[in-house]
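Close look at the chain arrangement
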Amino acid sequence: AQKVTQAQTEISVVEKEDVTLDCVYETRDTTYYLFWYKQPPSGELVFLIRRNSFDEQNEISGRYSWNFQKSTSSFNFTITASQVVDSAVYFCALSGDYKLSFGAGTTVTVRA
Amino acid sequence: DGGITQSPKYLFRKEGQNVTLSCEQNLNHDAMYWYRQDPGQGLRLIYYSQIVNDFQKGDIAEGYSVSREKKESFPLTVTSAQKNPTAFYLCSSGEDAGSNYGYTFGSGTRLTVV
């Protein structure tokens, strides 16, 4: 069975602070994909990044960066120099069994 | 523009009533999914369909039904058997079953029992 754990329920920061979101997953598959999605107040899920289990290279894209460590089954996400527009719910997800399994989400609030 | 259209955006249901949520995609995706979102619980899979005229139960299928008569459409019916239907419902599609190329989501339908 697939399982995704996002231990942080809510994070509140002041603008320009960095924010790191934790994600730990469980799977028996040897090949799988991990995702991060952002859900703004409008409700729609916005795709941020996908990583396959064979690619542990960490990535930076603008103010976003990702740290994938297969040895610890973690796929953490960092927002550098946060902005008010980053306020949203962030979901980590794991592919497998022809579906996505989601974590419970982390609500990020960035205060001006 | 390609995407997923969910309607209505808000829906109110009376006790004992069946309601149908619409989901249409023009992405030519084979796989479609319905998720339910409750506060603090993330997204839970209700039903999914890998191909036309075929669908499977997800983790919380009781009280729901679906059909997949056309590739672009995957409507969800919330029946009177669903005792706690108030939630946010999201429809999603992927290029194929087990799509690892990403999934596209609609903007959701918020269902409230009155």
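The structure under discussion appears in the preceding block.
An account of the accompanying structure is given in this report.

Taken residue by residue, the interface counts 18 residues in chain A and 23 residues in chain B. Across the interface of chain A and chain B, roughly 1600 Å² is buried in total on both sides, 58% from carbon and sulfur atoms. Contact with chain B buries surface across chain A, with Tyr98(A), Lys99(A) and Phe102(A) losing the most and accounting together for 33% of the total. Here chain A and chain B share 0 salt bridges between them. Between chain A and chain B we count 3 residue pairs in polar contact (both at pLDDT 80 or more) in total. At the level of secondary structure, the elements contributing two or more residues to the side of chain A that touches chain B comprise β5 (33–39), β10 (88–96) and β11 (99–102) of chain A. Residues of the side of chain A that touches chain B, tallied by class, amount to 9 nonpolar, 5 polar and 4 charged.

Residues and elements named next belong to chain A. Counting residues in each nonpolar core, the largest one holds 24 residues, and the members touching the most others are Leu21, Trp36, Trp66, Phe75, Phe77 and Tyr90. Counting only elements with at least two residues in this core, the list comes to β2 (10–14), β3 (19–21), β5, β6 (46–52), β8 (64–69), β9 (74–79), β10 and β12 (106–111). No other element matches the 4 residues that β10 contributes to this core. The residues contacting Leu21, other than those within four sequence positions of it, are Gln8, Ile11, Trp36, Asn76, Phe77, Tyr90, Thr106 and Val108.

The rules behind each value
Residues numbered from 1 in each chain as written. Chains lettered and ligands numbered in written order. Predicted model: local features only at pLDDT ≥ 70, side-chain atom pairs only at ≥ 80, totals over all residues. Heavy atoms only, no water. Contact = heavy atoms within 4.5 Å. Buried area = accessible area lost by both parts, 1.4 Å probe. Salt bridge = Lys/Arg side-chain N within 4 Å of Asp/Glu carboxyl O. Polar contact = N/O pair within 3.5 Å; in protein donor to acceptor, adjacent residues only side chain to side chain. Helix = DSSP H or I, 4+ residues; strand = E, 2+ residues; numbered from the N terminus. Nonpolar A, V, L, I, M, F, W, Y, C, P; charged D, E, K, R; others polar. Core = buried A, V, L, I, M, F, W, Y, C linked by side-chain atoms within 4.5 Å. Buried < 20%, exposed > 50% of the residue type's maximum accessible area, 1.4 Å probe, protein only.

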